[in-house]
Amino acid sequence: MGRPLIAEIDLDALRHNYCLARELAPHSQALAVLKADAYGHGALACARALDDLAPAFAVACIEEAQALRDGGIDKPIVLLEGIFHGDELPRVESLGLWMAVHSEWQVDALLDYRPRHPIPVWVKVDSGMHRLGFSPERLPEIWQRLAGAPGYACDLHLMSHFATADALETRYFRRQLALLNELATRLDAPTCLANSPATLAWPQAHGAWNRPGVMLYGSDPLEGANDASRALRPVMTLHSEIIAVQELDAGEPVGYGGRWIAPRPSRIGVVAAGYGDGYDRHAVDGTPVLVDGRRTVLAGKVSMDMLTVDITDLPEAAIGSRVTLWGRDPGGEVLSVDEVARHCDTISYTLLTGILPRVPRRYHGSMS
Ligand SMILES: Cc1ncc(COP(=O)(O)O)c(C=O)c1O
């Protein structure tokens with residue numbers, strides 16, 4: 001049996017969430033974003049599970065693309081940041097990848113390199129994120145350079161990223177979108193703009209392609225949930241067991257620094273999961289957990305291999321009780337990773353990508 005901490009990955013939920021992204025944008029194609037090992041879920045397993053649904057995948061770098069190719073994935077794969085050095089181009093070509101270009105040196109390298117078949121290019125414009133991309137002023141010249149190069153014209157896309165598509169305050173988002181609409185019209189360019197929040201909440205931003213990431217894994221990125229985001233299903237369930245129980249008098253502290261002090265005679269369950277597994281050490285007292293499907297809370301600082309939960313009001317809880325740290329309990333109760341993230345002053349993305357390799361992933365559902 002061994003240590004009871006496991007990340008269950010529900011591939012049917014992944015497929016459900018992908019289908020939702022597709023239904024929300026019937027005139028777009030959805031790239032499934034699989035970077036950072038599919039947000040901690042296992043890129044190859046997720047790619048295989050989506051292979052019959054998704055027309056293409058997206059990753060951050062050539063190493064991630066290579067791992068998918070080595071695993072037998074032959075769909076197009078987009079490098080979202082393009083190449084990091086010009087000498088990657090032969091590999092981009094031989095692996096049959098598509099690439100973003102966001103900087104002049106990448107365009108120079110690409111045009112100097114003469115592939116046997118043109119490499120499909122996604123030209124990234126900085127419409128307000130101020131991270132990667134050509135300025136809107138430089139974009140037309142870059143676009144014309146690429147469009148004028150033999151073979152490239154038919155495979156050019158305009159790509160950009162939103163800074164605030166998840167937010168309730170919409171002014172900045174609308175400003176980015178207006179600029180992008182104007183550029184796309186001027187260049188007559190097919191677009192790829194929408195991340196998960198824009199896929200879920202902004203049909204106006206849907207383009208020839210969308211790039212949903214975190215929503216595929218069942219996390220709701222919106223500041224204000226909507227009907228679509230409420231239909232997402234958690235893909236990862238992180239669960240473990242109580243391995244010891246402490247009976248404490250009122251006033252007794254628990255864990256490092258004695259942060260949590262028993263306000264009454266208390267029972268504390270010690271759970272096999274800690275920051276050495278990727279569970280966030282910033283989790284505050286009161287962070288929700290499920291013990292045998294019932295809600296209770298973290299009590300005390302997270303240690304490397306263990307954390308402690310208050311089971312005073314759960315008299316049935318004992319050594320061996322199942323503890324769900326996020327995801328779906330077998331009884332159907334759901335604890336969303338987004339709710340846990342709020343108690344850690346972070347976002348689901350960091351929790352999901354932070355689960356370390358020592359936590360075994362167990363896959364369920366359709367493997368295509
Ligand atoms: C360029 C780019 N596109 C798409 C995504 C997917 O975003 P999300 O996970 O919010 O859907 C990301 C995520 O960081 C990104 O950097």
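What counts and how
- Residues numbered from 1 in each chain as written.
- Predicted model: local features only at pLDDT ≥ 70, side-chain atom pairs only at ≥ 80, totals over all residues.
- Heavy atoms only, no water.
- UniProt positions renumbered as here; feature names shortened; annotations may be inferred.
- Core = buried A, V, L, I, M, F, W, Y, C linked by side-chain atoms within 4.5 Å.
- Buried < 20%, exposed > 50% of the residue type's maximum accessible area, 1.4 Å probe, protein only.
- Helix = DSSP H or I, 4+ residues; strand = E, 2+ residues; numbered from the N terminus.
- Domains from an automatic or database assignment.
- Contact = heavy atoms within 4.5 Å.
- Disulfide = S-S within 2.5 Å.
- Buried area = accessible area lost by both parts, 1.4 Å probe.
- Salt bridge = Lys/Arg side-chain N within 4 Å of Asp/Glu carboxyl O.

- As annotated in an unreviewed UniProt entry, the protein chain carries the name Alanine racemase and is attributed to Modicisalibacter ilicicola DSM 19980.
- According to the UniProt record, the Catalytic activity (unreviewed entry) comment for the protein chain reads "L-alanine = D-alanine".

Some remarks on the nonpolar core
Step number 1: With 110 residues, the main nonpolar core has Val123, Leu146 and Trp326 as its most contacted residues.
Step number 2: Broken down by element, this core gets its largest block of residues, six residues, from helix H8 (residues 171-187).
Step number 3: Taken domain by domain, the makeup of this core includes at least three residues from each of domain 1 (11-220) and domain 2 (236-364).
Step number 4: Excluding its chain neighbours within four sequence positions, the residues that come into contact with Val123 are Val101, Phe134, Leu139, Ile142, Trp143, Leu146, Leu156, His157, Leu158 and Met159.

Notes on the state of the cysteines
Step number 1: Counted by the stated rule, this structure contains zero disulfides.
Step number 2: Free of any disulfide, Cys19 has its nearest neighbouring cysteine sulfur in Cys46, separated by 14 Å.
Step number 3: By relative accessible area, which is 22% here, Cys19 ends up partly exposed.

Concerning the domain arrangement of the protein chain
Step number 1: The domain boundaries assigned to the protein chain delineate domain 1 (11-220) and domain 2 (236-364).
Step number 2: The gap between the C-alpha centroids of domain 1 and domain 2 is 36 Å.
Step number 3: Residue-level contacts link 11 residues of domain 1 with 10 residues of domain 2.
Step number 4: Summed over both sides, the interface between domain 1 and domain 2 buries roughly 940 Å², with carbon and sulfur atoms accounting for 58% of that surface.
Step number 5: It is Tyr39, Gly40 and His41 in domain 1 that bury the most area against domain 2; as a group they hold 44% of the surface buried on that side.
Step number 6: Where domain 1 packs against domain 2, one counts zero salt bridges.

Focus: the UniProt feature "binding site: substrate" (unreviewed entry) in the protein chain
Step number 1: Under the UniProt annotation, the feature "binding site: substrate" (unreviewed entry) is placed at Arg131 and Met304. The greatest C-alpha distance among the residues just named is 34.2 Å, and with 174 residues of sequence between them they are spread in space as well.
Step number 2: One can find Arg131 in the loop between strand E6 (121-124) and helix H7 (139-148).
Step number 3: Ignoring any residue separated from it by four or fewer positions in sequence, one finds Arg131 in contact with Lys124, Asp126 and His161.
Step number 4: Inspection of the secondary structure puts Met304 in the loop between strand E15 (294-298) and strand E16 (307-310).
Step number 5: Setting aside anything within four residues of it in sequence, one finds Met304 in contact with Gly274, Tyr275, Gly276, Asp277 and Arg358.

Quick look at the UniProt feature "active site" (unreviewed entry) in the protein chain
Step number 1: According to UniProt, the "active site" (unreviewed entry) feature falls on Lys35 and Tyr256. These annotated residues cover 222 residues of sequence, and their C-alpha atoms reach 35.1 Å apart at the extremes, leaving them scattered rather than at a single site.
Step number 2: Counting through the fold element by element, Lys35 comes out in helix H2 (residues 35-40).
Step number 3: Those residues in contact with Lys35 that lie beyond four places of it in its chain are Ala58, Val59, Ala60, Glu64 and Leu80.
Step number 4: With respect to the helices and strands, Tyr256 occurs in the loop between strand E11 (253-254) and strand E12 (260-261).
Step number 5: By relative accessible area, Tyr256 is classed as exposed at 58%.
Step number 6: Sequence-distant contacts of Tyr256, defined by excluding residues within four places in its chain, comprise Lys301 and Ser303.

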